[in-house]
Amino acid sequence: SDGFSASNGGCELRSCVAFGNRDGFFANSSRLADCVARSNTQDGFDVASATLSGCSATDNARHGFDLSSSRASDCLASNNDVDGFFSFIGSSIVSCTSSVNDGAEFRLGSTQNQLRNCDASRFGYIAVDAADNVVVGNTAGSYSIVAGNVAGPIVDEASVATNTNPAANFDY
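How each quantity is defined
Residues numbered from 1 in each chain as written. Predicted model: local features only at pLDDT ≥ 70, side-chain atom pairs only at ≥ 80, totals over all residues. Heavy atoms only, no water. Pairing = 2+ DSSP bridges. Helix = DSSP H or I, 4+ residues; strand = E, 2+ residues; numbered from the N terminus. Axes fitted to C-alpha atoms, helices over the stretch in contact; angles between N-to-C directions. Salt bridge = Lys/Arg side-chain N within 4 Å of Asp/Glu carboxyl O. Core = buried A, V, L, I, M, F, W, Y, C linked by side-chain atoms within 4.5 Å. Buried < 20%, exposed > 50% of the residue type's maximum accessible area, 1.4 Å probe, protein only. Contact = heavy atoms within 4.5 Å. Disulfide = S-S within 2.5 Å. Polar contact = N/O pair within 3.5 Å; in protein donor to acceptor, adjacent residues only side chain to side chain.

### What to know about the sheet that holds strand 7 (residues 45-48)
Strand pairing in a sheet takes place through backbone hydrogen bonds and is either antiparallel or parallel in direction. Spatially, the eight strands line up as an open sheet ordered 1-4-7-10-13-16-19-22, and their pairing is parallel. Edge positions in the sheet fall to strand 1 (4-6) and strand 22 (142-145), since each has one partner strand and no second. For this sheet, the mean inter-axis angle between neighbouring strands, taken without regard to orientation, is 5°. Examined bridge by bridge, strand 10 (residues 65-68) and strand 13 (residues 85-87) share three bridges and lie parallel to one another. Directly across from phenylalanine 65, in strand 13, lies its bridge partner phenylalanine 85.

Shown next, in the form of structure tokens:
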């Protein structure tokens, strides 16, 4: 079963810990702050139309964060068996950190997502699998972005001195 289920909307969960469940947190139209999902057999956070801030997902058997029409800010994903952050559609991921996940650190799997000012580990990557997303101000070891997205230029060690674009994405 799920550790915490807030599926009727309007719920607020603060400083909760979900350990060893199916999904750590399953939420719809809710707010989660400073929550921890660890060692769950599926996703750490499986949310739709939710707002997450300061949450962390570690050692989960699927995604750390599985987002749909949601906003995650200042969150951390590490050591998850698939992607750190997976956004299906219409989500905003801002100022988050992701490292040592088996899949992408950040994956935008569909359209209308924003990935801004996030940090993937030095050897991690950002994957954008569909068009109509915004990808700006991030740092990663590598990028895979399909055509049709608004993405800042990818700046590496050789071009950082001449970069003047505030939307640039940086490559370690």
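That covers the picture; the talk isn't over yet.
### What about the pattern of salt bridges?
For the coordinates displayed, the defined rule picks out eight salt bridges. The shortest N-O distance in the salt bridge between arginine 62 and aspartate 43 comes to 3.3 Å. Note that arginine 62 is positioned in the loop between strand 9 (56-58) and strand 10 and aspartate 43 in the loop between strand 6 (36-38) and strand 7, a separation of 19 residues in sequence. In the salt-bridge network here, residues are joined through shared partners; they are Asp2, Arg22 and Asp23.

### Concerning the nonpolar core
Phe45, Leu52 and Phe65 are the most contacted members of the largest nonpolar core, which totals 33 residues. Elements with a minimum of two residues in this core: strand 4 (25-28), strand 7, strand 10, strand 16 (106-108) and strand 19 (125-128). Beyond its immediate chain neighbours, meaning those up to four positions away, phenylalanine 45 contacts Phe25, Leu32, Cys35, Val36, Ala37, Leu52, Cys55, Ser56, Ala57, Gly64, Phe65 and Asp66.

### Observations regarding the sheet that holds strand 14 (residues 92-94)
Strand order in the open sheet made by the eight strands is 2-5-8-11-14-17-20-23, with parallel pairing throughout. Two strands close off the open sheet at either side, each with one partner strand: strand 2 (12-14) and strand 23 (150-151). Direction of pairing for strand 20 (residues 134-136) relative to strand 23: parallel, over a ladder of two bridges. Of the residues in strand 23, the one forming a bridge with valine 135 is alanine 151.

### Overview of the state of the cysteines
Inspection of every chain in the model, using the stated rule, returns zero disulfides. Cysteine 35 forms no disulfide, and the closest cysteine sulfur to it belongs to cysteine 16, at a distance of 4.5 Å. In this structure cysteine 75 is not part of a disulfide, and its nearest cysteine sulfur, from cysteine 96, lies 4.6 Å away.

### Let's talk about the side chain of asparagine 169
Tracing the chain through its elements places asparagine 169 in strand 25 (residues 169-171). A distance of 3.3 Å separates a polar atom in the side chain of asparagine 169 from the backbone nitrogen of glycine 137. Separated by 3.1 Å, the side chain of asparagine 169 and the backbone oxygen of glycine 152 make a polar contact. Not counting residues up to four positions away in its chain, the partners in contact with asparagine 169 are Val135, Val136, Gly137, Asn138, Tyr143, Ala151, Gly152, Pro153, Ile154 and Val155.

### Details of the environment of phenylalanine 4
Within the secondary structure, phenylalanine 4 sits in strand 1. As for phenylalanine 4 and phenylalanine 26, which are separated by 22 residues in sequence, their C-alpha atoms are 6.2 Å apart. Beyond its immediate sequence surroundings of up to four residues, phenylalanine 4 is in contact with Leu13, Cys16, Val17, Ala18, Gly24, Phe25 and Phe26.

### Section: the pairing of strand 19
Where strand 16 and strand 19 come together, three bridges link them in parallel fashion. Of the residues in strand 19, the one forming a bridge with leucine 108 is valine 128. Note: strand 19 against strand 22, four bridges, orientation parallel. Paired with isoleucine 126 across the two strands is tyrosine 143, which belongs to strand 22.

### Thoughts on unusual backbone geometry
Backbone geometry at serine 69 places phi at a positive 50°, although glycine is not the residue there. As for its position among the elements, serine 69 is in the loop between strand 10 and strand 11 (71-73). Using a relative accessible area of 38% as the deciding quantity, one classes serine 69 as partly exposed. With phi around 55°, aspartate 74 is a residue other than glycine that occupies positive phi space. Aspartate 74 gets classed as exposed once you look at its relative accessible area, which sits at 52%.

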